[in-house]
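Fold and contact review
Here are the chains, one letter per residue:
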2 protein chains.
Amino acid sequence: MRNYKLFVLDLDGTMYRGEEKIAEAPVFIKELNKRGQDYVFLTNNATKTPQDVVNHLAKFDILTQPEKVYTTSVAAARFLTKMKKSPTVYVVGEAALANSLREAGCQLVSEEKDLGRCDFVVMGLDRQITYDKLAKAALAVRAGATFISTNADKALPTERGLLPGNGSLTAVVRTATGIEPTYIGKPEPFMLEMIMEEKGLAQEDILMIGDNYETDILAGIRAGVDTAIVFTGFTTQGDLEHVHEQPTYQWESLLDAFC
Amino acid sequence: MRNYKLFVLDLDGTMYRGEEKIAEAPVFIKELNKRGQDYVFLTNNATKTPQDVVNHLAKFDILTQPEKVYTTSVAAARFLTKMKKSPTVYVVGEAALANSLREAGCQLVSEEKDLGRCDFVVMGLDRQITYDKLAKAALAVRAGATFISTNADKALPTERGLLPGNGSLTAVVRTATGIEPTYIGKPEPFMLEMIMEEKGLAQEDILMIGDNYETDILAGIRAGVDTAIVFTGFTTQGDLEHVHEQPTYQWESLLDAFC
């Protein structure tokens, strides 16, 4: 395997499965630390802060730092403030998203009279969704706000079964307005490009590692970096027979990285 | 004009515009009564009972009876009970929809443990929507319930602007499950076919009258009945230049029916 400067790691299905441990994951991280191999985590989840992710990983004996965690909340905030300084934003989402936007200097608006002067509408998964939130998002998008969605994930694996993901909630405003949002998360290449720019790395320096061909691997392919699929989550070896462009590597577990 | 046995009339944009009167509408209904011309009202709205519609029409001096009003709530209830006797249903919608289903003999379920044995999931506009309602609908559809939606209307004209319609809320469960619902309302022909069957009428006996080409007129065309578009609401004369199949009649106002 090439000598990559940075491993970019997906979380759910790669480092753990929901609340279930993946045995090789903590061994893998310890080995990276020992070898001095740099890595970061990349998640489409917009409802957790980097510190929340660090705390969740600790439950599986994976010890890391918030600086190593890239969520779509953090990435959305960077995306907006790169396009405009101190933008006005109507946000549909949970606390982590609103906090990221506020910390990055966005001015969040919530009153009906302010919807007409919004620069952006940002939608992230919101399990406290209401009709009024969806209505306000639709009104602001129709009034000209740029429509951003943290991620297009259709369904969310939970212990109850597959529940509606942010891509499904985003479909309300997309359908009501006829306007397609810009998605921040995987499979869009934006987050990988952001990491490369921030760390001054080139495409050949990066390996994107994840369990989901449709999000992790496609994001890597679109960003022009090498990819490794690990069969501990969503995509099976059989699924890969039907895809056009293959990942660079196929791994049974993360420890195949050292083979 | 041919001697139709039944006029089927759309409501919003045809008999009134939101809270605004259309001056010719009460004159038109009085003239139909005088001539002994039978008529019914047909609406995609699933949040109002027939009696609610009668009360709303009375504000515009249009006096009628609940028996003359066909809502998608009433039609959905007929559709379900025609397919199965006393079906179990998980419903997302407002009181009028749940009441129609209950009155028709449906057994409404709401607990998580019952979602796996639902015959149907029915979605109608619900301005008290929650993530949990959407999650339960998605779980029941994934578990095999037949997915029904009262109507595919994307946006709802209100005094606040165009807000998400039932078609937009339905998109959450459609996107999350990958399963397309069966829609009851216009432009589907189902409600017109139901009226013909109930009243023992043939296609040539019916004239469908409405302001919206995409819903009213297409429903008529698909049901094989004659159609009249009235330019007091959504569709303009200019819009008709781009449509493949023209309505049978084009009216400036409802009173053109008597010309």
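Residues numbered from 1 in each chain as written. Chains lettered and ligands numbered in written order. Predicted model: local features only at pLDDT ≥ 70, side-chain atom pairs only at ≥ 80, totals over all residues. Heavy atoms only, no water.

Chain A carries the name Acid sugar phosphatase in an unreviewed UniProt entry, which gives Caldalkalibacillus uzonensis as its organism. In its Cofactor (unreviewed entry) section, the UniProt entry covering chain A states "Mg(2+)". Regarding chain A, the relevant UniProt record gives this comment under Function (unreviewed entry): "Catalyzes the dephosphorylation of 2-6 carbon acid sugars in vitro." (UniProt positions renumbered as here; feature names shortened; annotations may be inferred.)

1. Brief notes about the relation of the copies chain A and chain B
For the pair chain A and chain B, the relating rotation is 180°, the translation along its axis is 0.0 Å, and the fit reaches an RMSD of 0.0 Å. Taken together, the rotation and translation describe the operation of a two-fold axis. When the interface residues of chain A are mapped onto chain B, 100% of them again fall at the interface, so both copies present the same face. (Least-squares fit on C-alpha atoms with pLDDT ≥ 70 in both. Contact = heavy atoms within 4.5 Å.)

2. Examining the side chain of B:K136
Of note, B:K136 is situated in helix α5 (residues 131–142). Aside from chain neighbours lying at most four places away, what touches B:K136 is A:R160, B:Y90, B:S110, B:E112 and B:L115. (Helix = DSSP H or I, 4+ residues; strand = E, 2+ residues; numbered from the N terminus.)

3. Here we look at the packing of aromatic side chains
Enumeration over the complete set of coordinates arrives at 16 aromatic pairs over all chains. With a centroid separation of 5.1 Å and 15° between ring planes, the pair formed by A:Y16 and A:F60 is classed as stacked. Note that A:Y16 is positioned in strand β2 (residues 16–17) and A:F60 in the loop between α2 (50–58) and β5 (69–71), a separation of 44 residues in sequence. Judged by relative accessible area, which is 9%, A:Y16 ranks as buried. Judged by relative accessible area, A:F60 falls into the buried class, the value being 4%. Residues B:Y39 and B:F41 carry aromatic rings whose centres are separated by 5.5 Å and whose planes lie at 70° to one another, so their mutual orientation is edge-to-face. In this pair, the class of B:Y39 matches that of B:F41, namely buried. A connected cluster of aromatic rings, assembled from ring pairs, spans A:Y4, A:F7, A:F28, A:Y249, A:W251 and A:F258. One Lys or Arg, A:K68, reaches over the ring of A:Y39 and ends 4.8 Å from the middle of that ring. (Phe/Tyr/Trp six-rings, centres within 6.5 Å; stacked < 30°, edge-to-face > 60°. Buried < 20%, exposed > 50% of the residue type's maximum accessible area, 1.4 Å probe, protein only. Lys NZ or Arg CZ within 6 Å of the ring centre and 35° of its normal.)

4. A look at the interface of chain A and chain B
At the junction of the two partners, chain A supplies 29 residues and chain B supplies 29 residues. For the pair chain A and chain B, the summed buried area comes to about 2400 Å², and 65% of that belongs to carbon and sulfur atoms. At the junction of chain A with chain B, the criterion picks out four salt bridges. Counting across the chain A and chain B interface gives eight residue pairs in polar contact (both at pLDDT 80 or more). For the side of chain A that touches chain B, the secondary structure elements donating two or more residues are α5 (131–142), β10 (155–158), β11 (161–164) and α6 (166–177) of chain A. Examining the composition of the side of chain A that touches chain B, we find that eight residues originate from one element, α5(A), more than from any other. (Buried area = accessible area lost by both parts, 1.4 Å probe. Salt bridge = Lys/Arg side-chain N within 4 Å of Asp/Glu carboxyl O. Polar contact = N/O pair within 3.5 Å; in protein donor to acceptor, adjacent residues only side chain to side chain.)

5. Some points on the sheet that holds strand β14 (residues 226–230) of chain A
All names here are of chain A. If you walk across this open sheet you meet the six strands as β5-β4-β1-β13-β14-β15, and the pairing is parallel. Looking at the sheet topology across the chains shown, the edges are occupied by β5 and β15 (249–251). On average, each strand axis in the sheet is inclined to that of its neighbour by 25°, with strand direction left out of account. In the sheet, strand β1 (residues 6–9) pairs with strand β13 (residues 206–210) via four bridges, with the strands oriented parallel. The residue bridging L6 from the neighbouring strand is I206, located in β13. (Pairing = 2+ DSSP bridges. Axes fitted to C-alpha atoms, helices over the stretch in contact; angles between N-to-C directions.)

6. Overview of the packing of helix α3 (residues 72–83) of chain A against helix α4 (residues 95–103) of chain A
Residues and elements named next belong to chain A. Where α3 contacts α4, the two axes come as close as 8 Å, and the packing angle between them is 35°. You can see that α3 and α4 cross each other, and the crossing is right-handed. Contacts from S73, V74, A76, A77 and L80 in α3 reach A96, L97, S100 and L101 in α4. Among the residues making up the contact of α3 with α4, the classes are represented as seven nonpolar, two polar and no charged. (Left-handed = near helix turned anticlockwise from the far one by under 90°. Nonpolar A, V, L, I, M, F, W, Y, C, P; charged D, E, K, R; others polar.)

7. Digging into the nonpolar core
Within the largest apolar cluster, 44 residues are counted, with the highest numbers of intra-cluster contacts made by A:V121 and B:V121. Leave out the neighbours within four places in its chain, and A:V121 touches A:Y90, A:A137, A:A140, A:V141, A:A145, A:T146, A:F147 and A:I148. (Core = buried A, V, L, I, M, F, W, Y, C linked by side-chain atoms within 4.5 Å.)

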